[in-house]
Amino acid sequence: MDNLQPQTVEIREAAPSGQHKPESISIIFPAFNEEDNIESAIAAARKAMLKFFAPDKIEIIPVDDGSTDNTRKILDRLAASCPDVRPIHHAKNKGYGAALRTGLYAARNELVFFSDSDLQFDLEEIEYLLDHIDEYEIVAGYRGKRADAAQRRLNAWGWNMLVRSLLGVKVRDIDCAFKLFRREVFDTIKLTSVGAMVNTELLALATQQKMRIKEVRVSHYPRTAGTQTGANLKVIAKAFRELFAMYGRLKLRGDGTLHLPRDARMGDLDLAPDSGR
Ligand SMILES: Nc1nc2c(ncn2[C@@H]2O[C@H](COP(=O)(O)OP(=O)(O)O)[C@@H](O)[C@H]2O)c(=O)[nH]1
Ligand SMILES: [Mg+2]
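(A) Summary view of the overall build of the protein. Summing up its helical and strand segments, the protein has 9 helices and 9 strands in all. Sorting the 277 residues of the protein into buried and exposed places 38% on the buried side. Excluding contacts between residues fewer than 6 apart, the proportion of contacts in the protein whose partners are at least 24 apart in sequence is 81%.

Put into C-alpha cells, the structure is as follows:
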C-alpha cells in the first residue's frame, strides 16, 4: 500500500533576527572517471538538500574533468531530465583543483558546498554544517575516523603539519572534501592551484583574510567503486610543487609573520593546460 502520510521534513532553526537566512545552495562534485558513482552521488545530494532547500533553490554542478569512461554521457543524460543538474565538462583532464575551481566559480547560489563524487561521505551530514553557516564564512568537515590506509593517514598528518607551520593554517583535516561556504568567499578568494593543493590554498587564503572557519566532525566510508587517485605519487608531487610555489609568493611582514601579497589573493583564473591531478 502506498504510504500516504506526509514525509517528515526537518526544519532548520531560524537565523538570529535581522539576519538573512540563505535559501539556496550550489553543490559541486569534481569527477574523474566516476561512472559507477556519480549518479548515486547526485541523487544523494538532492535528497539531503531537499530537507533544507526548495527544489528550485538547489543546483548540482558535477565537473567532469575530461573523464574517459561514461561519466560524461551519464551527466548529459541527467542534465536532460533533471533541471537541478548543471554539468560542466573539461575537454581534457586538468586536475582536481582545476575542476573544483571551475565548479566553485560557476556556482550561482547563496551557499556553496563541495564534496567528492565517490560516495565516501554521507551527504545527509550537510545538516551539521548548515547549523553553523549563519555564524561562519566557512564550515569545514573533518573526518573523525578516516577510512584510508595507515600510510595515507600518515601522509595527511605530515601534510597538515607542514601546512600549519608554513602557511599558518590551523584546520585539522585540510583535504576533507566536505566543505560549505557562503558564496561571497569566492568573491574575495581567487584560487590558482590545479592539483590537490587547492584545499590548502583555499584555507590559507581564508586564514589570511581572517574569515571565520568552523570545523565539524563528519563520517568517512571506504570507496566501493571506481579508482582512487588521491594517493598517486604524481598527485602528491604536484601538491608539493604547488605548496612551495605558494610559499614562494608569501612576503615577510615587518612583524615577522608571512602574508600573501594582493596578487596572490586575487590571482588570475586561467587554468593550466593538461596538468593532471
Ligand atoms: N576533477 C578531477 N577530479 C578528480 C581527479 N582525480 C580524482 N578526482 C575526483 O576527486 C575526488 C576524490 O578522488 P579520490 O581519488 O577518491 O581521492 P581520495 O578520496 O582523496 O583518495 C573524486 O570525486 C574523484 O572523482 C582529477 O584528476 N580531476
Ligand atoms: Mg575518494
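(B) Layout of the sheet that holds strand E5 (residues 138–143). One open sheet holds the 7 strands; their spatial order is E3-E2-E1-E4-E6-E5-E7, and the pairing between them is mixed. Both edges of this open sheet fall to strand E3 (88–90) and strand E7 (213–218), since each of them pairs with a single strand only. In this sheet, adjacent strand axes meet at a mean angle of 20° when their direction is disregarded. By the bridge criterion, 5 bridges tie strand E4 (residues 111–115) to strand E6 (residues 178–182) in an arrangement that is antiparallel. Bridging across to E6, Leu 111 finds its partner in Arg 182. The strands touched by helix H1 (residues 38–49) within the sheet are strand E1 (25–31) and strand E2 (58–65), with E2 carrying the most contacts at an inclination of about 160°.

(C) Region of interest: the confidence of the model for the protein. Across the protein, pLDDT averages 86, with 83% of residues at or above 70. Between residues 1–11, whose pLDDT stays under 50, and residues either more than four places distant or in other chains, the model counts 2 contacts. Overall, residues 263–276 carries pLDDT values under 50, and its contacts beyond four positions in sequence, including any with other chains, amount to 27 contacts.

(D) Geometry of the packing of H1 against helix H2 (residues 71–81). At their nearest, the axes of H1 and H2 sit 10 Å apart, and the two run at 35° to each other. Contact residues: Ile 38, Glu 39 and Ile 42 in H1; Thr 71, Ile 74, Leu 75 and Leu 78 in H2. Its residues assigned to classes, the contact of H1 with H2 comprises 5 nonpolar, 1 polar and 1 charged.

(E) Highlighting unusual backbone geometry. Unusually for a residue other than glycine, Leu 119 sits at a positive phi of about 65°. By the secondary structure assignment, Leu 119 is in the loop between E4 and helix H4 (126–130). Positive phi is not limited to glycine here, since Lys 210 has a value of about 60°. Tracing the chain through its elements places Lys 210 in the loop between helix H7 (198–208) and E7.

(F) The environment of Phe 178, seen in detail. One can find Phe 178 in strand E6. Of the residues examined, Phe 178 has 26 C-beta atoms within 10 Å and is grouped as buried. Apart from residues lying up to four places away in sequence, Phe 178 is in contact with Ser 115, Phe 121, Gly 141 and Val 218.

Reading guide: rules and limits
Residues numbered from 1 in each chain as written. Chains lettered and ligands numbered in written order. Predicted model: local features only at pLDDT ≥ 70, side-chain atom pairs only at ≥ 80, totals over all residues. Helix = DSSP H or I, 4+ residues; strand = E, 2+ residues; numbered from the N terminus. Buried ≥ 20, exposed ≤ 12 C-beta atoms within 10 Å, placed from the backbone. Contact = placed C-beta atoms within 7 Å. Pairing = 2+ DSSP bridges. Axes fitted to C-alpha atoms, helices over the stretch in contact; angles between N-to-C directions. pLDDT = per-residue confidence, 0-100. Nonpolar A, V, L, I, M, F, W, Y, C, P; charged D, E, K, R; others polar.

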